[in-house]
Amino acid sequence: MPVIHTEDLKAYYVTKVYGVERTIQAVDGVSLDIYEDEILGIAGESGCGKSTLMKVLFGMVKPPLTIMDGRVQYISDRTTVDISSLNPAALRSIRWKDISYVPQGSMSVLNPVRKIRKTFQDFMGTHQKLSGPKEFQQVVGDHLRSLGLPVDVLNAYPHQLSGGMQQRVTIALATILHPRVIFADEPTTALDVVVQRGVIQLLKNIQKEHHNTVVMVTHDMAVHANLTDRVAIMYAGQIVEEAKTRDMFKKPLHCYSKYLIGSLPRIGDKAYRISAPGNPPVLNDPLPGCRFQDRCPDCSDRCCKETPPLREVEEGHKVACFRVFDEMGVS
Ligand code: ADP
Ligand code: MG
């Protein structure tokens, strides 16, 4: 059963530049099911709309970001709610307890002039009634220990911690109420490779223990290969391919996925791999047809006129590409 369901979701940035209205179609027709007990990866180059999609899924939509169409449903045993239509109070009631968010850069969560303890106290005070300091120490201490973090981080200011430790503390904060869904946006991007591994392992352990859902956004395909169960590849505001991670890496179908996976460095591989030439298109005025057309080696006339829909071509493997449809006999 999906926990998050989106249908033809469109979320645009509507801005005015020198009095001229400009619309950036950052998320443009995303239909996606995210399941219980899975780690779903969202991949794609910078500027493809990954963070915008996360913001919408978490209900963090404020101008200039506007939901133009579609919906986002959060499904639990108790209810199904449309996240995009919840009022602030209703949103507060599901945030952190049901759905939580690890943002890009921990410093937006950790207050630089407050000790970590204070941040946890504020957070717990708003979201959970605790009887007093003793219970606080117990609950937070247990949680930190279960994540393998030293309890005395509580006595530190954020700047006294390393980048990796700050990110782990942010994850501890985002998971302390045992949410069913955790959205993590590039949580490892600013970290060096060794520290990255620790943070990824931490997320993996949390998911394994609590069987919740982790949505992991990163442009780093190596992280997807190591962490996720399923991966969705975004290009220019749309999902172009979705599959089990194993299938995606074994047999990517969309040319964009091939480029992303092909540009992964491999052990013993001395050749410099060229990734897809060019850049993602500017999203204020996309060309008609497939958005990848100008970077695609297999582009045909049809691709410049019609937008390929996302279709299931093998079990659990979806792709949006006319060439693949032809090759696989999907009409
Ligand atoms: P990603 O996370 O994949 O790098 P984003 O979701 O951050 O992509 O950005 C998608 C598009 O939306 C980009 O073209 C970006 O420039 C634009 N964008 C992001 N934030 C804003 C904003 N606050 N105002 C206007 N445009 C924005
Ligand atoms: Mg981003």
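What counts and what doesn't
Residues numbered from 1 in each chain as written. Chains lettered and ligands numbered in written order. Predicted model: local features only at pLDDT ≥ 70, side-chain atom pairs only at ≥ 80, totals over all residues. Heavy atoms only, no water. Near = heavy atom within 4 Å. Polar contact = N/O pair within 3.5 Å; in protein donor to acceptor, adjacent residues only side chain to side chain. Helix = DSSP H or I, 4+ residues; strand = E, 2+ residues; numbered from the N terminus. Nonpolar A, V, L, I, M, F, W, Y, C, P; charged D, E, K, R; others polar. Pairing = 2+ DSSP bridges. Axes fitted to C-alpha atoms, helices over the stretch in contact; angles between N-to-C directions. Contact = heavy atoms within 4.5 Å. Core = buried A, V, L, I, M, F, W, Y, C linked by side-chain atoms within 4.5 Å. Buried < 20%, exposed > 50% of the residue type's maximum accessible area, 1.4 Å probe, protein only. Salt bridge = Lys/Arg side-chain N within 4 Å of Asp/Glu carboxyl O. Phe/Tyr/Trp six-rings, centres within 6.5 Å; stacked < 30°, edge-to-face > 60°. Lys NZ or Arg CZ within 6 Å of the ring centre and 35° of its normal.

Quick word on the site of ligand 1
Reasoning step 1: With respect to spatial proximity, the complete set of residues near ligand 1 consists of Tyr-13, Ile-24, Ala-26, Glu-45, Ser-46, Gly-47, Cys-48, Gly-49, Lys-50, Ser-51, Thr-52 and Pro-64.
Reasoning step 2: Separating an oxygen atom of ligand 1 from a backbone N or O atom of Gly-47 is a distance of 2.6 Å.
Reasoning step 3: Take Ser-51: an N or O atom from its side chain is 2.8 Å from an oxygen atom of ligand 1.
Reasoning step 4: Of all elements in the fold, only strand E2 (20–35) and helix H1 (50–57) reach the threshold of two or more residues within the shell around ligand 1.
Reasoning step 5: For the shell around ligand 1, a count of residues per class yields five nonpolar, five polar and two charged.

Here's the deal with the sheet that holds strand E11 (residues 311–314)
Reasoning step 1: The strand order across the open sheet built from eight strands is E6-E7-E8-E3-E9-E10-E12-E11, with neighbouring strands paired in mixed fashion. Each having just a single partner strand, strand E6 (99–102) and E11 make up the two edges of the open sheet. On average, each strand axis in the sheet is tilted by 20° relative to the strand beside it, whichever way the strands run.
Reasoning step 2: Running at roughly 135° to strand E3 (residues 39–43), H1 makes contact with E3, E6, strand E7 (181–185), strand E8 (213–217) and strand E9 (230–235) of the sheet.

Here we look at the nonpolar core
Reasoning step 1: Counting residues in hydrophobic clusters, the biggest one holds 96 residues, and the most contacted among them are Ile-4, Ile-42, Leu-53, Met-54, Phe-120 and Phe-183.
Reasoning step 2: Top contributing element to this core by residue count: helix H5 (residues 163–175), with six residues.
Reasoning step 3: Discounting residues that sit within four places of it in the chain, Phe-120 has contacts with Phe-136, Val-140, Leu-144, Leu-154, Val-169, Ala-172, Leu-173 and Ile-176.

Topic: the pattern of salt bridges
Close approach of charged atoms allows side chains with opposite charge to pair.
Reasoning step 1: The tally for this structure, following the rule as stated, stands at 14 salt bridges.
Reasoning step 2: Linking Asp-28 and Arg-291 is a salt bridge whose minimum nitrogen-to-oxygen distance equals 2.4 Å. Of the two residues, Asp-28 sits in strand E2 while Arg-291 sits in the loop between helix H9 (255–262) and helix H10 (301–305), which places them 263 residues apart along the sequence.
Reasoning step 3: With relative accessibility at 10%, the residue Arg-291 sits in the buried group.
Reasoning step 4: Here Arg-78 makes a salt bridge to Asp-98, at a shortest N to O gap of 3.7 Å.

A short note on the sheet that holds strand E1 (residues 2–17)
Reasoning step 1: Reading across the sheet, the four strands line up as E2-E1-E4-E5 and stay open at both edges, with antiparallel pairing between neighbours. What marks the edges here is a single partner per strand, and that holds for E2 and strand E5 (80–82). Going across the sheet, the axis of each strand differs from the next one's by a mean of 10°, ignoring polarity.
Reasoning step 2: Relative to E2, E1 runs antiparallel, the two being bridged by twelve bridges. Paired with Lys-10 across the two strands is Asp-28, which belongs to E2.
Reasoning step 3: Together, E1, E2 and strand E4 (65–75) form the strand contacts of H1, whose direction differs from that of E1 by roughly 115°.

What about the packing of aromatic side chains?
Reasoning step 1: Within this structure, the stated rule accounts for nine aromatic pairs.
Reasoning step 2: Seen from their ring centres, Phe-58 and Phe-183 are 6.4 Å apart, and the 75° between their planes marks the pair as edge-to-face. Separated by 125 residues along the polypeptide, Phe-58 in the loop between H1 and E4 and Phe-183 in strand E7 bring together distant segments of the chain. For the residue pair Phe-58 and Phe-183, the accessibility class agrees, reading buried in each case.
Reasoning step 3: Linked through ring pairs, Phe-58, Trp-96, Tyr-101, Phe-123 and Phe-183 together constitute an aromatic cluster.
Reasoning step 4: Directly above the ring of Phe-58 sits Arg-95, whose terminal nitrogen or CZ lies 4.8 Å from the centroid.

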